[in-house]
Amino acid sequence: MKYGPKHGVDRALMYAILAVVGINYVAQVPYYLHLYYFPHRALPPLVGTMMLLATLVWFLLGWTLLMRRRSRSGYWLLLTFLLTETTFYLYNEFNQVTHGFAPFFHLQNHDPLLVVVFAIGYLNMLGGVVFVAALLWRYRELVAK
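These notes cover the structure that comes with them. These numbers were taken from a predicted model, which means no experiment stands behind them.

### Some remarks on the overall build of the protein chain
Next up, step 1: Looking only at helices and strands, the protein chain features five helices and zero strands.
Next up, step 2: Start at the N end of the protein chain and walk to the C end: the helices and strands fall as α-α-α-α-α.
Next up, step 3: Taking all contacts inside the protein chain whose residues are at least 6 apart in sequence as the whole, residues at least 24 apart take part in 70%.

### Overview of the pattern of salt bridges
Next up, step 1: Under the definition given, this model contains one salt bridge.
Next up, step 2: Notably, a salt bridge pairs Asp10 with Arg138, separated by 2.5 Å at the nearest N-O pair. Taken as a pair, Asp10 in helix α1 (residues 8-40) and Arg138 in the loop between α4 (112-137) and α5 (139-142) lie far apart in primary sequence, 128 residues in all. We note that Asp10, like Arg138, is buried.

### Focus: the packing of α1 against helix α3 (residues 72-98)
Next up, step 1: In contact at an axis separation of 13 Å, α1 and α3 are set at 50° when each is read in the N-to-C sense. Between α1 and α3, the angle is such that the two are oblique. Here α1 and α3 pass one another in a crossing that is left-handed. Residues Met14, Ile17, Val21, Asn24 and Tyr25 of α1 lie in contact with α3, whose contacting residues are Leu78, Phe81, Leu82, Glu85 and Tyr89.
Next up, step 2: The class makeup of the residues in the contact of α1 with α3 is eight nonpolar, one polar and one charged.

### Some points on α1
Next up, step 1: If you check α1, its first and last C-alpha atoms are 47 Å apart, about what 33 residues at 1.5 Å a residue would give, namely 48 Å.
Next up, step 2: At Leu33, α1 shows its strongest bend, of approximately 45°.
Next up, step 3: Looking only at α1, the buried set comprises Asp10, Leu13, Met14, Ile17, Val20, Val21, Asn24, Tyr25, Ala27 and Tyr32.
Next up, step 4: Considering only its buried residues, α1 is in contact with α2 (46-69), α3, α4 and α5.

### Some thoughts on unusual backbone geometry
Next up, step 1: You will see that Arg41, though not glycine, has its phi angle at about 55°, which is positive.
Next up, step 2: When you line up the elements, Arg41 lands in the loop between α1 and α2.

### What to know about the packing of α2 against α3
Next up, step 1: At a minimum axis distance of 7 Å, the contact between α2 and α3 shows a crossing angle of 140°. Classified by the angle between their axes, α2 and α3 sit oblique to one another. For the pair α2 and α3, the sense of crossing is left-handed. The residues of α3 that touch α2, namely those facing Thr55, Trp58, Phe59, Leu61, Gly62, Trp63, Leu65 and Leu66, are Ser73, Gly74, Tyr75, Leu77, Leu78, Thr80, Phe81 and Thr84.
Next up, step 2: Looking at the contact of α2 with α3 residue by residue, the class counts come to ten nonpolar, six polar and no charged.

Procedures and definitions
Residues numbered from 1 in each chain as written. Predicted model: local features only at pLDDT ≥ 70, side-chain atom pairs only at ≥ 80, totals over all residues. Heavy atoms only, no water. Helix = DSSP H or I, 4+ residues; strand = E, 2+ residues; numbered from the N terminus. Contact = heavy atoms within 4.5 Å. Salt bridge = Lys/Arg side-chain N within 4 Å of Asp/Glu carboxyl O. Buried < 20%, exposed > 50% of the residue type's maximum accessible area, 1.4 Å probe, protein only. Axes fitted to C-alpha atoms, helices over the stretch in contact; angles between N-to-C directions. Parallel < 35°, antiparallel > 145°, perpendicular 65-115°, else oblique. Left-handed = near helix turned anticlockwise from the far one by under 90°. Nonpolar A, V, L, I, M, F, W, Y, C, P; charged D, E, K, R; others polar. Expected span 1.5 Å × (residues − 1). Bend = angle between axes of the 7 residues up to and from the residue.

Rendered as structure tokens:
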């Protein structure tokens, strides 16, 4: 079978990746509106918006190619996306801890919206570690021969 992952565990992995990363992207909208647009009427910077869209395309292209075609290029696109994103989150977590903040300190925020958005970000970071390991472990099952 060339199209799609062969095993239920691989399909579950792929849909878990889509759900966690997708929710993280969606969470950026209320986060931005709440912190920048509503209080300051600040429009999103074009460069930041383009970078967010570029990373979304990077993710979706990799996910789609791997999920639908089991392609090597899809695998590498998705893996490099997850490595980049997870490294970014881990670096930020490491940086805040080395500067005296408690791990996951953003969850102490008094604003419920921000707590949810930060929790989604932390889930994305932890999920990213698991997803990278799972992609590396299941390479042969995920990529067509």
